[in-house]
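So you can see what is in the structure, the chains are spelled out below.
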Amino acid sequence: PLGVSEPHERAAGAQSSSSRSSAYTRAAVSGGAERRGVTGCGGCRPLKRTPTSGRSSLEVHSWQGCVGCRRRRRAMEQYDYDMAGEYYEDGMEIENFDSDPFEKPLPAAEQQLYCAMKSVMPDLLTGAAAAAQEVITDPTSDVSVTFARNQERAMAATVTGRTKRELAPMLNELSLFTRAATFGDTNDLYYHAPSSRIGANYSPGANGVLEVKAAGDKRSGGRAAPQLLQYPDASAPRTMRGEKIAVAAAAAASAAKYASPQKQGSRLARAGSPDSPFDVGNGAAVLDATHLTESQRRHVADAIVRYYYYIEHGIREDDTIAPPKEEWFERVLALVPPDPPGRVTREYFDELILSSLEEMRTDYFYSVKKSIVDYTLANPTERERLGLEALEEMLPVAGAVRQSHGELPLVWRANVEAAREDIAWTLQTLSPNVLELSALWDAYEGKPLADVDSSAFVSRLPFEAEKFRTFQTEACERVKGSLWTTWVPKSAEVFRRQPPVCINGDTEAYYRSVASLQSIQLRGLVEHNLAAYVAFFDSHDPPDTHLVCDPQAERLNWSVPPAFIIRLREGPNGTYAFSPSFREVEDVVRGCLDQFVLAVNGIPRVGAAASNPSRRGQHIPGVQLDEDSVAAARTRVLSIMERNTAGPKSLAALFEPFLDLLVMDIPAYLRKFLQQTHALEYYAAVIEEFKDKAAAIKATALDEVRTGAYTVDCTELKQVLVHTAMEVAEQLLNQVRNTAQESNTRVCEAYTYMNTEIIKQPDTGDAVLQLKKYIAKSAAEQETLSSEINANKAREEFLECYYFDLPDGDFSLAMRAYEWPKKMINSMKEATAAANAEHRAFEDALKKRRTTFQETLVGYSKEIDGFDEIGDVDERESMATKVTDLSDNLTAALTESEDINVQERLFGWPPTKFAQIATYTNQLEVYRKLWTITQSFFKNIHAWLNGPFSHLDPDEIEESVTDSFRNVYKLTKTFSGAAGGPELPGPLAVAKATLEKLESFKEYLPLIIAVCNPGLRDRHWAAMSDVIGIMGWELKKDDHTSLQRLIEKGVHEHTPMLAETSDFASREWSFEKTLDKMIVDWEGVDFKLKPWKETGTFILDGGPVDDAQALLDDHIVKTQAMRASPFAKPFAERITPWESKLVRLQDIMDQWLKCQSKWLYLEPIFGSDEIMKQIPVEGAAFKSMDATWRRIMNEVKLQPEIIGAADLHNLLEDLTASNQELDVVEKGLNDFLDTKKLAFPRFFFLSNDELLEILSEAKDPLKVQPFMKKCFEAVREVEFTDRVTMKSIVSVEGEIIPLCKEIDPAETGAVEKWMLEFEDVMKESMLKVTGDSITQYAQISREQWILNWPGQVVIAGSQVYWTREVTECIVTGGAKGLAEYGKKSNMQLTNIVNMVRGELSKLERATMSALVTIDVHARDVVLQMSTDGVSDPRDFKWLSQLRYFWEDDTVRVRMINAEAQYGFEYLGNSS
């Protein structure tokens, strides 16, 4: 207690701390081991308690000292008594108090603060304890400490068990001994109860003692008399809100004011309640007693108020009462369902649980504090000290066991009688109809809405899910039909036969009661079936030992038959599946339960129409699906079904090693297997592997396996797996069989071909030699075939080992293959002999052929020699034939010689050289040229002169005459001997005669060229006729005038003039041909149209258009050149329109392509509804132009010729007008884009196409993601929530910065607005993150701080602290301080280097890289300033540095006299 002197407190604290053993004990004194120091004024000795467990320190002064210290102590005490309201008693108003009316009066310095033990237990003190009977007057002496300890030891040694039980429940202010201890070990005699401090400063007399000096009132023994509150006269009528307030009500209200909120209106407000802390009623009952005076009543009322005030405020919960145990709350929560029942929301359910737990905690503390107060008040001394003597008669006797309440108060009897009368006039009792209804219900009670125990049900177990549903539906419908067809009519008949007598004549209430009864009956029926349904599934709840399946039925025994049968079969994607699935079975089970629960709903009430005709269709309340019992049953059943899935799943898991067979592509596997060459041993290993798999699958489990509530039918899955494995094995054997069959077929075919080849009769020497080679080669081939036959025999033996049934055809084929080696031996002998004979015969024939050929060559030589003597030109025809035939013979002789040489080489002979053939050919060549040219020219000159000149080709004639003249001239040189050979007079004469003839004809070549020009027209012939000037004869082109006729007419004499006219004609003809060719070039040149996306129209394909433009440019140039030529005058009427057409077509193409490019650009833009809404005028203009475009493209589709486009009506004009409209649209669009860019300037970073794409997709922010990086350099993308709101920034490097608030683009709509909002929020987020990082910098190590924040924030925050720390170093230490800070900078760099050497993420390493650069520069700056002796923060060397400051919740950057605010634009995490 605070009144104990310091030495005694220290002694008591030491003794208490040494003897206390309970873990729940809290120290109740200020002293002992908790003291750490003594400080204060001269007259006071304050005791400072060091805070523990985070509590704030508390200074408590001892009672000695000045009045100011005591007042400060009183001010530090808890003062919660609120008297600000008005207090009424019998309608009288009580004045407000400015100070605590229940404060304990402070004792004077000389007042004795503790009593001797002899006044309490004189009979227990003996021996050494007798010395303790003296009154100690010096509380600070060391003797008192020794005395207190000895006294406690003596008391503990002398108190017996019986005496302990008889001890009065006192609380000695010096002694730690007490009979009862609310906390801790009750057997500990030295336990210090916290109740010894109750009411220490809340005495009712404290108000009057505040001004009493330290000396006190000696006549009162140092204690001021309690000053009672002055209540107004009870007889004075006062009202509050028009009602008179009784003293009892005021006392109860005052007590309730300080009671726990959970207790108000219950324990305190209930009149006459036996739940009271007092023996005789409560305070209100005492106050109503007639034997009490008004003053006594006021004392009692005051005591009751202070009693409850002490309970609420006299004991602090934090340091005197141990908290409730967590397991108490856990046990309570275990009784609460995990999910909210019925329609209760989760929020309300959680709030209700939390409030209930808080109510438990409050009740616990209230009960403990009330127990402490009751125990304290059991001591008369404490009652006197606290001024609660008025409650003495109401408190229980100390140590006595509280008896039962006995007879209840009269007011309770009145309440009981009133309740009995109310029941008699409100409940519908003693109705014979109800008895008859109850008897009627006996026939329906217990009927199976869910049949789970009948013999018919049990005999059909296990059920398929749907059959189970059908069975339960039928059972439910039977009972439901019985209720509707029998029970409902009979129930109505009861009331028709005997009308009911209703209490108070309340028919509605009566029938409501009947409906309640029937509802109870129906609910009972449902609950009975629920219980049976749950019990059925409870019987299938497998123990933990049965959760793993027993696939061979060797280990587990089941006491009940299974409920359901499911099939394990092949599932999708190479997995297994249960049919029906567990979810489907659970749905059936749940559906059946819900079905019979709802089966009794909707049954009409009895008497509903009679009691209230207007309320038709009323039904008997039934069981709802969301009721707790139904939900609990459903949960229980489904949990059991869920638990039963473990067995089937474990069974299915046994087949998992074989599931690869389900996804196996057998044909692909066999093809891949066949692509590689495998030995039969490998085939055997693989086949055995698959056969073993099949056997293992069969042995994995029985076809039907019991697993709790399920019987799993594995037959289907096993069959599929076994079939697949056996199929692979069978196909591998079939591969071996096919390989053998194919090999035998090849062997037979090879031997057949070989036999056919060797018996062929060769017809040439080459064939003989090839036959002999083949015979030699076939011996090696036979060895290979023999090896293949042996391999096939091994394959047959392999197949026989697996009892593979070979077809008869394979067996016959194998036999034929095995017989061929023997048959080939004789065939080879015969073929070899025949080949040798043929070889000899062909050698003899070759020799004879070579001799004959040499004799032929000698004849050719003699014939060539005979040509030297012939010189008559008239023999040109026969000689030309001879030399031509001989030339052909020599060519054939050359071929024959080469063939003979080939044959000689085949037989191994050296080839014969026939060099004379080339000599003969060269000798013959001059004669062949002479006679063939002579014969050809003489023949042609006759035709040229005598045939129609109009048919002559001047170019061909000129070329022929020129070539012939040149060759004959060379021959004259050869035959004359001028070339070095002998002179041959005969051939020379022929050559000279031919040369003379050629020279004479060459004179007419200019005439032929002039008159045979194909470009000559009638106007040219007339001009030529004028030049000739022969009267009566006109030169013209016809089919009978010959060249000889023209010569005879002397036309050749006018050749120069005729040549000039012919030249004009040639030039004009060239222009005409060019014009015709241009027209022909456009034939087949068409537009190629291709559909444009989903617009329903077309665009021009680029390929044909490019070709047409190139052709158009070429033709325009040619046409313009022709029009400028003087030779084009005859064609002017054709050239001018053609030129106009080409120019118009060129203009059309230019306008068309320009229009198409703009249309392609604008069409998707104005195809967006968003763009059309924002620029409607331009949109309407584009729609008008779009209609024109579509019309033009449709016309072109019908007439695709490009040259014909120039003739389309108003095509050029329409395209020109469309381009003008598009220019207007484009200008308006650009103006619109400029407004968007001005609204959000970062749009200037985007092209118009990109901006338009963003604007057209404004409703979908996710499609704007690709352009975020162009608007915000370091932002790669923005993370969106499921509600499409922006929540964080993701940098290019992958760094994530959460936004300080989510941005909903849908709220603003316009993309530029939410992009602006994103920019602002980005900066706000960076500001917030930067501020948080700067705050944390001083709380944790710098190394850990670097890893906690984004790279940009780390740089900024580090620079802020660098600026701050460097400034402090300059101010406090000058250059020396900077040198010390340089060491610190080096240490920081070393730490960063060590971190870099460790394991860091990519982002962390990037942050470190950038920070190291900044830190190195910062260190160099600090060391340089230290070297320069900087000692003033205003030094220019410091001011010239870039310095960061955190001011006004933002970062500011300064250099010299310039200042800028940090922009907080996110820049990512890069160096």
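Predicted model only: the values in this text are computed from it and were never measured. All residue numbers refer to positions counted from 1 along the written sequence of the respective chain. In keeping with the predicted nature of the model, local features appear solely for residues at pLDDT of at least 70, side-chain atom pairs appear and are counted solely at 80 or more, and the whole-chain, interface and lining totals rest on all residues. To get the side-chain values, all heavy atoms of the structure are used, and hydrogens and water are removed first.

**Here's the deal with the overall build of the chain**
Next up, step 1: Only DSSP runs of H or I with at least four residues qualify as helices, and only runs of E with at least two residues qualify as strands; both kinds are numbered from the N terminus onward. Helix and strand counts for the chain come out as 47 helices and 19 strands.
Next up, step 2: Using a 1.4 Å probe on the protein chains alone, a residue whose accessible area is under 20% of its type maximum counts as buried, one over 50% counts as exposed, and one in between counts as partly exposed. Each of the 1471 residues in the chain was classed as buried or not, and the buried ones make up 44%.
Next up, step 3: We call two residues contacting when some pair of their heavy atoms lies within 4.5 Å. For the chain, long-range pairs separated by at least 24 residues make up 72% of all intrachain contacts whose partners lie at least 6 apart in sequence.
Next up, step 4: Taken as a whole, the chain presents about 76600 Å² of accessible surface, with 53% of it coming from carbon and sulfur. The Shrake-Rupley method, run with a 1.4 Å probe sphere, supplies the accessible areas, and residue values consider only the shown protein chains as cover.

**Brief notes about the sheet that holds strand S16 (residues 1296–1303)**
Each strand in a sheet pairs with another by means of backbone hydrogen bonds, the pair being arranged parallel or else antiparallel.
Next up, step 1: Only strands that DSSP links by at least two bridges are regarded as paired with each other. Spatially, three strands are ordered S14-S15-S16 in an open sheet, and the strand pairing comes out antiparallel. Either end of the sheet is taken by a strand with one partner, and the two such strands are strand S14 (1275–1280) and S16. With strand direction ignored, the average angle separating the axes of adjacent strands in the sheet is 25°.
Next up, step 2: Where helix H43 (residues 1311–1337) meets the sheet, it contacts S14, strand S15 (1286–1291) and S16, and its direction lies at approximately 125° from that of S16. With axes taken as lines fitted to C-alpha atoms, and helix axes fitted only over the stretch in contact, angles between N-to-C directions fall between 0 and 180 degrees.

**Details of the packing of aromatic side chains**
Any two aromatic rings considered together are summarised by their centre-to-centre distance and by the angle between their planes.
Next up, step 1: Here the aromatic set is Phe, Tyr and Trp, taking the six-membered ring for Trp, and pairing holds for ring centres within 6.5 Å; pairs whose planes are under 30 degrees apart are stacked, those over 60 apart are edge-to-face, and all others are tilted. Applying the stated criterion across every chain yields a total of 42 aromatic pairs.
Next up, step 2: Sitting above the plane of the Tyr818 ring, Lys793 keeps its charged end 5.0 Å from the centroid. The rule for a charge over a ring is simple: NZ of Lys or CZ of Arg within 6 Å of the ring centre, and within 35 degrees of the ring normal.

**What to know about the side chain of Ser650**
Next up, step 1: Along the chain, the position of Ser650 falls in helix H21 (residues 646–653).
Next up, step 2: Within the local environment of Ser650, its side chain forms a polar contact with the backbone oxygen of Gly647, the two atoms lying 2.6 Å apart.
Next up, step 3: If sequence neighbours within four positions are ignored, Ser650 has contacts with Leu547, Val548 and Cys549. Identification of polar contacts relies on pairs of N or O atoms within 3.5 Å, with a donor-acceptor requirement for protein atoms, meaning one able to donate a hydrogen and the other able to accept it, and with residues adjacent in sequence counted only if both atoms are side-chain atoms.

**Observations concerning the pattern of salt bridges**
Next up, step 1: The working definition used for a salt bridge is a side-chain nitrogen of Lys or Arg within 4 Å of a carboxyl oxygen of Asp or Glu. The tally for this structure, following the rule as stated, stands at 54 salt bridges.
Next up, step 2: Note that Asp1207 and Lys1141 form a salt bridge whose closest N and O atoms lie 3.3 Å from each other. Taken together, the residues span a long stretch of sequence, with Asp1207 in the loop between helix H38 (1176–1198) and helix H39 (1211–1239) and Lys1141 in helix H36 (residues 1132–1166) at a distance of 66 residues.
Next up, step 3: Classification of Asp1207 by relative accessible area gives exposed; the value is 55%.
Next up, step 4: Residue Lys1141 is classed as partly exposed on the basis of its relative accessible area of 24%.
Next up, step 5: Residues joined in a network through salt bridges with shared partners are Asp538, Asp541, Asp544, Arg636 and Arg643.

**Brief notes about the nonpolar core**
Next up, step 1: With 99 residues, the main nonpolar core has Trp1082 and Trp1152 as its most contacted residues.
Next up, step 2: Aside from chain neighbours lying at most four places away, what touches Trp1082 is Ala1108, Leu1111, Leu1112, His1115, Trp1138, Leu1142, Leu1145, Ile1202 and Ile1203.
Next up, step 3: Grouped together as the second largest cluster of nonpolar side chains are 86 residues, Trp487, Met641, Phe673 and Ala725 included. Among the buried residues, those of types Ala, Val, Leu, Ile, Met, Phe, Trp, Tyr and Cys that are joined through side-chain atoms within 4.5 Å form a nonpolar core.

**Some details on a negative patch on the surface**
Next up, step 1: Negative charge collects at one region of the surface, where Asp953, Asp955, Glu956, Glu958 and Glu959 lie side by side.
Next up, step 2: For Glu959, the position within the fold is in helix H29 (residues 954–975).
Next up, step 3: Residue Glu959 is classed as exposed on the basis of its relative accessible area of 51%. Patch rule: a residue counts if its relative accessible area is over 30% and it has no salt bridge; like charges are joined within 9 Å, and nonpolar side chains (Val, Leu, Ile, Met, Phe, Trp, Tyr) within 5 Å. When charges are counted, neither His nor the chain ends are considered; positive counts come from Lys and Arg and negative counts from Asp and Glu. For the purpose of locating charges, the reference atoms are NZ of Lys, CZ of Arg, CG of Asp and CD of Glu.

**Remarks on helix H20 (residues 628–643)**
Next up, step 1: Here a helix's expected span is defined as the number of its residues, less one, multiplied by 1.5 Å. End to end, H20 covers 22 Å across 16 residues, agreeing with the expected 22 Å (1.5 Å per residue, within 8%).
Next up, step 2: Of all the positions in H20, only Val630, Ala633, Arg634, Val637, Leu638, Ile640 and Met641 are classed as buried. Burial along H20 is one-sided: seen end-on, the buried residues are contained in an arc of 155°.
Next up, step 3: Check the buried side of H20 and you find it contacts helix H17 (507–538), strand S8 (564–570), helix H18 (582–598) and strand S11 (710–713). The arc in question is the one traced by the directions running from the helix axis out to the C-beta atoms.

**Quick word on the environment of Ala845**
Next up, step 1: In this structure, Ala845 sits in helix H26 (residues 808–865).
Next up, step 2: Along the backbone, Ala845 and Gly765 are 80 residues apart, and their C-alpha atoms lie at a distance of 9.2 Å.

**A look at the pairing of strand S17 (residues 1443–1447)**
Next up, step 1: With five bridges joining them, S17 and strand S18 (residues 1450–1455) adopt antiparallel strand pairing. Within the sheet, the bridge partner assigned to Tyr1444 lies in S18 and is Val1453.
Next up, step 2: Linking S17 back to S18 in an antiparallel pair, the connection comprises two residues, with Asp1448 at a positive phi of about 55°.

**A few points about the sheet that holds S17**
Next up, step 1: The three strands lie next to each other as S17-S18-S19, forming an open sheet whose pairing is antiparallel. Pairing within the sheet leaves two strands with one partner each, and these edge strands are S17 and strand S19 (1458–1461). Going from strand to strand, the sheet's axes swing by 30° on average, the running direction of each strand aside.
Next up, step 2: Summarising the sheet, S18 and S19 pair through four bridges and their orientation is antiparallel. Note on S19: the bridge partner recorded for Val1453 is Ala1460.
Next up, step 3: Lying over the sheet, H43 contacts S17 and S18, oriented at roughly 95° with respect to S17.
Next up, step 4: Each of S17 and S18 is contacted by helix H45 (residues 1351–1397), which is oriented at about 95° to S17, the strand it contacts most.

**Regarding the packing of helix H28 (residues 916–946) against H29**
Next up, step 1: Axis separation between H28 and H29 bottoms out at 10 Å; the angle between their running directions is 145°. Crossing hand, H28 versus H29: left-handed. Between H28, through Val926, Tyr927, Lys929, Leu930, Ile933, Asn940 and Trp944, and H29, the contact on the second element is made entirely by Ile957, Ser960, Val961, Ser964, Asn967, Val968, Leu971, Thr974 and Phe975.
Next up, step 2: Residues that form the contact of H28 with H29 fall into these classes: ten nonpolar, five polar and one charged. Rotating anticlockwise by less than a right angle from the far helix to the near helix defines a left-handed crossing, while the corresponding clockwise rotation defines a right-handed one. Polar here means any residue outside two lists: the nonpolar Ala, Val, Leu, Ile, Met, Phe, Trp, Tyr, Cys and Pro, and the charged Asp, Glu, Lys and Arg; Gly therefore counts as polar.

**Focus on the side chain of Arg1242**
Next up, step 1: Mapped onto the elements of the fold, Arg1242 is located in the loop between H39 and helix H40 (1248–1256).
Next up, step 2: In this structure, Arg1242 is in contact with Cys1271, Phe1272, Glu1319 and Glu1465, ignoring residues within four places of it in sequence.

**Observations concerning the packing of helix H10 (residues 326–334) against helix H11 (residues 346–377)**
The packing of two helices is summarised by the inter-axis angle and the distance between the axes.
Next up, step 1: Where H10 meets H11, the closest approach of the two axes is 11 Å, and the angle between their N-to-C directions is 140°. Our classification of the angle between H10 and H11 gives oblique. For H10 against H11, the interelement crossing comes out right-handed. When H10 is examined against H11, the residues Trp328, Phe329, Val332 and Leu333 are found in contact with a partner set consisting of Ile353, Leu357, Met360, Arg361 and Tyr364. Roughly parallel covers angles under 35 degrees, roughly antiparallel covers those over 145, roughly perpendicular covers 65 to 115, and oblique covers all other angles.

**A look at a nonpolar patch on the surface**
Next up, step 1: On the surface, Phe1436, Leu1442, Met1455 and Ile1456 cluster together to form a nonpolar patch covering roughly 370 Å² of accessible area.
Next up, step 2: For Ile1456, the position within the fold is in the loop between S18 and S19.

**Brief notes about the confidence of the model for the chain**
Next up, step 1: pLDDT expresses, on a scale from 0 to 100, how confident the predictor is about each individual residue. Here the chain averages 74 in pLDDT, while 77% of its residues score no lower than 70.
Next up, step 2: Scored below 50 in pLDDT, residues 1–145 shows 289 contacts in the model against residues more than four places distant or in partner chains.
Next up, step 3: pLDDT under 50 marks residues 162–289. Its contacts with residues more than four places away, or in other chains, come to 310 contacts.

**So, the pairing of S11**
Next up, step 1: Of the two faces of S11, the one carrying Tyr710 and Val712 and the one carrying Thr711 and Asp713 are both buried.
Next up, step 2: In terms of strand pairing, S8 meets S11 through four bridges, oriented parallel. Its bridge partner being in S11, Phe564 is matched across the sheet by Tyr710.
Next up, step 3: The pairing of strand S10 (residues 704–707) with S11 spans four bridges and is antiparallel. Across the sheet, the residue bridging to Thr707 is Tyr710, located in S11.
Next up, step 4: The turn linking S10 back onto S11 is made up of two residues, and Gly708 within it adopts a positive phi angle of 75°.

**So, the environment of Ser1288**
Next up, step 1: The residue Ser1288 is located in strand S15 in this model.
Next up, step 2: Ser1288 sits in the buried class, given a relative accessible area of 4%.
Next up, step 3: Distance from Ser1288 to Glu1302, taken between C-alpha atoms, is 8.1 Å for residues 14 residues apart in sequence.
Next up, step 4: Residues in contact with Ser1288, not counting those within four places in the same chain, are Val1278, Glu1279, Ile1296, Ile1297, Pro1298 and Leu1299.
Next up, step 5: A polar contact is formed between the side chain of Ser1288 and the side chain of Glu1279, at a distance of 2.7 Å.

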